[in-house]
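Each chain, letter by letter, is given below.
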Amino acid sequence: MGKREEARRASAQRTRMRRRKKHNKSGVLCVSLIVLIMAGVMSVQIVNLYRKNESYHKKERELQAQVESEEQRKIELEEYEEYINTKEYIEQVAKTKLGLVYENEIVFKENTADD
């Protein structure tokens, strides 16, 4: 009985080892599959974030150009403000819109074809 019992134990131990190997293989396969799925999902997210980042950089460049344009407009308005506070501008408006002239100034008018 000693040899038979040893043979049974050895057989049982081999059976347990085969089952463990099968479980280990399936476990490794499952973990590998999960890791691959996570890598795929992360790759898609990275691509989406890259596109979004490019979009934001483009928007930033557009806004920067708009800021520069508005700064130029601000300078032009400041120059115009200085001009409208000059005596030259006031005289021009008085002559063209109000028809005013200096006392010693002579005004010449062109004849039109209707006269």
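Thresholds applied
- Residues numbered from 1 in each chain as written.
- Predicted model: local features only at pLDDT ≥ 70, side-chain atom pairs only at ≥ 80, totals over all residues.
- Heavy atoms only, no water.
- Helix = DSSP H or I, 4+ residues; strand = E, 2+ residues; numbered from the N terminus.
- Rg over C-alpha atoms; globule rule 2.2 N^0.38 Å.
- Buried < 20%, exposed > 50% of the residue type's maximum accessible area, 1.4 Å probe, protein only.
- Areas by Shrake-Rupley, 256 points an atom, 1.4 Å probe, with all protein chains shown as cover.
- Lys, Arg positive; Asp, Glu negative; His and termini not counted.
- Charge placed at Lys NZ, Arg CZ, Asp CG, Glu CD.
- Salt bridge = Lys/Arg side-chain N within 4 Å of Asp/Glu carboxyl O.
- Phe/Tyr/Trp six-rings, centres within 6.5 Å; stacked < 30°, edge-to-face > 60°.

S.K.: Please set out the overall build of the chain residue by residue, giving values where relevant.
M.R.: Broken down by element type, the chain carries 2 helices and 0 strands. In summary, the chain has a C-alpha radius of gyration of 46 Å against a globular reference of 13 Å for 115 residues, an excess of more than 25%. Its C-alpha atoms give the chain principal-axis dimensions of about 145 × 35 × 15 Å. Across the 115 residues of the chain, 1% fall into the buried class. Accessible surface, the chain: about 11,700 Å² in total, of which carbon and sulfur atoms supply 56%. Computing the positive centroid from 23 side-chain charges and the negative centroid from 20, the chain places the two 46 Å apart.

S.K.: I'd like a description of the pattern of salt bridges, backed by residues and values.
M.R.: One pass over the full model with this rule turns up 1 salt bridge. Measuring nitrogen to oxygen at the nearest pair gives 3.3 Å for the salt bridge that ties Glu-105 to Lys-95. In this pair, Glu-105 is assigned in the segment after α2 (87–96) and Lys-95 in helix α2, connecting sequence segments 10 residues apart. By relative accessible area, which is 37% here, Lys-95 ends up partly exposed.

S.K.: Explain the packing of aromatic side chains residue by residue, including any values.
M.R.: What characterises a pair of aromatic rings is the spacing of the ring centres plus the angle enclosed by the ring planes. With the rule as written, the count across this model stands at 3 aromatic pairs. Their ring planes at 75° and their centres at 6.4 Å tell us that Tyr-80 and Tyr-89 sit as a pair that is edge-to-face. We classify Tyr-89 as partly exposed; its relative accessible area is 22%. Ring centres of Tyr-83 and Tyr-89 lie 5.2 Å apart, and the angle between their planes is 70°; this geometry places the pair in the edge-to-face category.

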